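Structural overview
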Amino acid sequence: MRWPRKHTFGLWPKNRRNNGIPQGQGQSTVSTIYDPNCEEKEKYTAQDGDDYYSQAQAIEMDVASKYSKPKEAHWLLRRIYFLSWISLYDRERAFADLIAGITLGLTIIPQSIAYAALAGLSSEYGLYSAFIGSIIYVFFGTIPQVSIGPTSLMAILTLQFCADKPVQVVIVLAFLAGLVELAMGVFQLGFIVSFIPAPVTKAFTSGTAVIVVFAQIKNLLGVRVKGFPSFGEFFTNIRPSDAAMGISCMVVLLSLRLLSQVKFSQDTAVTRRLKKILWYISISRNALVVFFTGLLVFLWVKKSSMEAVPFALSSKVSSAMPTIKLPPFAFEYQNRTYVFTDILHELGSGIIVVPIVAVLANVAIAKAFVKDGNLDASQEMLTLGLCNIAGSFFSAMPTCGAFTRSAVSQASGVRTPMAGIYTGLIVLSALSILTPYFQYIPKASLSAVLIAAVIFMIDLAPVKELWQTNKKDFFSWVGSFIICLVAGVELGLLFGIILSMVFILLRLGNPKIEVALKKHESSYYVHVVPRTDVYYTGVDSLRSELRSACSLYHNDFPVVLDCSRFMQFDATFSEMLIAVAKEMASNDVLLILQNMSLKVQQMLPVISNVRFCQEDSQLFSHLQTEKEREVTAELEEKL
């Protein structure tokens, strides 16, 4: 039988190969002669292999002893994150957090009222969510800029799953979403959101923003027709007073938004102070619009009556102070008794979709603002879960982080999560003092706040770029966007996830493999190089490429297979390589496995026509040996 040796190369470290050692001593190439009757363990042990590994381990331990990882904080400090920074809290940080908390409070109050309206709820439910989310995040949150509260995503999903249902169902949804988020944090299931690629996330966000705009356009223009009216019916039912209010608010909001971008030709103390004032006015634009439109209606009512007001107004709130109580797992509504199983049936897939979307949004925001890139995603999921669970005890709707509010916190100079305490107190003050005045807020102004907030989330820029660079991502974006608009946001997101997983499976089953005929000196060889990772699912595709390569070149040249992209080498790989090697042996073809670790080599039996190598020099040595063998064989045939 030819080729009675199995060669294992590269056992000595590179820095010892030419370190004054004469050639022939301390060889870097060790060949092992195999005895068919020896033990299986000995069959795969290279000469001096044990000595090498013990020496290498000693060297590694000696070097590693000079370095050490930072000591990991106690688990209590990592989970109750408040304890890790409160001892360093000083007056400077407190003042910075006070300013940021007040600024954020002025932003979150009108947003919460508007998002509650978008979800089909009265104003206080949005404020409940803002209050408890801000407080809980102080103790467990890790990113100072993150602001937990109602968002357009959560509002539209709440509307999707709880439309025309009792408000108790919304509260239970917040509790169940919190449980799922908590479980995802405990079991470290954050990797699930990794299956949602960026194009699908952008499509989902853009689709949700478009839905919000279309959902609010009727209130913006005062159209009071239920369902989806025709164009003629829609324009016929526009109320001029509401339309004037809504459009005016939109113009004011968009104009005030531009104030933060004003630049002065000179940089002086006065211009810096003026720029700061303009910035504060810009970020307070939602509160200013809601306040002044509500004040206008209030004065109108004082001079005449509520019936004389020409605008559609928000619903009246009788009592809005939060009270702690268990989520309503059983209740009566319109002569029907709902038990927990009925609520689960009403919510359906929302129990899973809402928390996954919340985690996706929250982790994305946390990644955008984390300082050192070291994000504890599990802790963020735990915190989000606690916020929603605690919120359900205060009758809150589902919540998560909002990028716009986080950007406001960042620009306000927030230093620690303590800013949430001040934000929560401001929201609580609004609940206790301003509740009777919520009924004076025009619906058109709230719709203008919502539309102005989400319209910039509509991002169509990726379409052209994806079409030119990646057709798969293009179809993922377009499909998810269209399905979000037509069938609902949860189905759009599900479509994007499934399509992405299909693409992943196709890629795993069909790895990209490059086959080329190469030459070294006078020796030719077929070089087979996987350009993507090869798992067991792609073994059949690799086998086909090897067979095709041998057939193409009529079994005239050795085959070199680069194994560096083999992932999770197992019995499937082993069986394929054995089968291919035997086929090549029958055709007198040498198979050289390049960049295969010694541990993996030990999984293969001794095969007469198989060689192993790590570096090109070792590969060329094999090719030279094979060339000499062929020449010798030809001479023997002639003789």
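These notes cover the structure that comes with them. Here the structure is a predicted model, which is why all the values come from computation and not from measurement. (Residues numbered from 1 in each chain as written. Predicted model: local features only at pLDDT ≥ 70, side-chain atom pairs only at ≥ 80, totals over all residues. Heavy atoms only, no water.)

Looking at the packing of helix 5 (residues 91-118) against helix 18 (residues 419-433)
When two helices pack together, their arrangement is given by the angle between the helix axes and by the axis-to-axis distance. Definition in use: Interaxial angle, 0 to 180 degrees, is taken between N-to-C directions of lines fitted to C-alpha atoms, where a helix line uses only the stretch in contact. Comment: elements are numbered from the N terminus, with helices defined as DSSP H or I runs of at least four residues and strands as E runs of at least two. Each angle gets one of four labels, with under 35 degrees taken as roughly parallel, over 145 as roughly antiparallel, 65 to 115 as roughly perpendicular, and the rest as oblique. A clockwise turn of the near helix away from the far one marks a right-handed crossing, whereas an anticlockwise turn of less than a right angle marks a left-handed crossing. Contacts were defined at the residue level, with two residues in contact if any of their heavy atoms lie within 4.5 Å. Under this grouping Gly is polar, as are all residues other than the nonpolar Ala, Val, Leu, Ile, Met, Phe, Trp, Tyr, Cys and Pro and the charged Asp, Glu, Lys and Arg.
Contact geometry of helix 5 with helix 18 gives a least axis separation of 7 Å together with a crossing angle of 40 degrees. Compared by their axis directions, helix 5 and helix 18 come out oblique. Viewed along their axes, helix 5 and helix 18 form a crossing whose handedness is right-handed. For the pair formed by helix 5 and helix 18, the contact residues are Ala-94, Asp-97, Leu-98, Ala-100, Gly-101, Ile-102, Leu-104, Gly-105, Ile-108 and Ile-109 on the first element and Ala-419, Tyr-422, Thr-423, Ile-426, Val-427 and Ala-430 on the second. Residue composition of the contact of helix 5 with helix 18, grouped by class: twelve nonpolar, three polar and one charged.

Thoughts on empty space enclosed by the protein
One water molecule sets the probe size; rolling that probe over the atoms shows where empty space is left. Rule in force here: Here a cavity denotes a set of grid points, spaced 1 Å apart and computed over the protein atoms alone, in which a 1.4 Å probe fits but from which it cannot get out, and a pocket denotes an open set meeting protein on both sides within 12 Å along at least five of seven lines; residues with an atom within 4 Å of a point are reported as lining. Grid points are joined across faces, edges and corners, and a volume is the space filled by probe spheres set on the points.
Summed over the entire model, instances satisfying the criterion amount to four cavities of 30 Å³ or more. Volume-wise, the largest cavity comes out at about 100 Å³. Lining the largest cavity are 15 residues, with Leu-104, Val-146, Pro-417, Ala-419 and Gly-420 positioned closest to its centre. Within the residue set of the lining of the largest cavity, elements represented by two or more residues are helix 6 (123-140) and helix 18. Grouping the constituent residues of the lining of the largest cavity by class yields nine nonpolar, six polar and no charged.

Focus: the packing of aromatic side chains
This is how the line gets drawn: Two rings from Phe, Tyr or Trp (for Trp, the six-membered ring) form a pair when their centres are within 6.5 Å of each other. A pair whose planes differ by under 30 degrees is stacked, one over 60 is edge-to-face, and the rest are tilted. The criterion is that NZ of a Lys, or CZ of an Arg, lies within 6 Å of the ring centre and within 35 degrees of the ring normal, and then a charge sits over that ring.
Summed over all chains, the structure comprises 24 aromatic pairs. Here Trp-300 and Phe-311 contribute two aromatic rings whose centre-to-centre distance is 6.1 Å and whose plane-to-plane angle is 75 degrees, an arrangement assigned as edge-to-face. Here the residue Trp-300 occupies a position in helix 13 (residues 285-303), and Phe-311 occupies one in the loop between helix 13 and strand 4 (331-333), the gap between them amounting to eleven residues. Taken together, the ring pairs in this structure connect Phe-82, Trp-85, Tyr-89 and Phe-139 into an aromatic cluster. Its guanidinium or amino end placed over the ring of Phe-456, Arg-257 lies 3.7 Å from that ring's centre, counting from NZ or CZ. Lys-471 extends its terminal NZ or CZ atom over the ring of Trp-467, reaching a point 4.6 Å from the ring centre.

Comments concerning the sheet that holds strand 8 (residues 523-530)
Under the convention used in this document: Should DSSP find at least two bridges between two strands, the strands are regarded as paired.
If you walk across this open sheet you meet the five strands as 7-8-9-10-11, and the pairing is mixed. Either end of the sheet is taken by a strand with one partner, and the two such strands are strand 7 (513-520) and strand 11 (610-613). Sheet twist, expressed as the mean angle between neighbouring strand axes with direction ignored, is 25 degrees. Bridge count between strand 9 (residues 559-562) and strand 10 (residues 591-594): four bridges; the pairing is parallel. Its bridge partner lying in strand 10, Val-560 is registered against Ile-592. Packed onto the sheet, helix 23 (residues 539-552) meets strand 7, strand 8 and strand 9 and runs at close to 35 degrees relative to strand 7.

Don't take any of this as a statement about function, it's just geometry.
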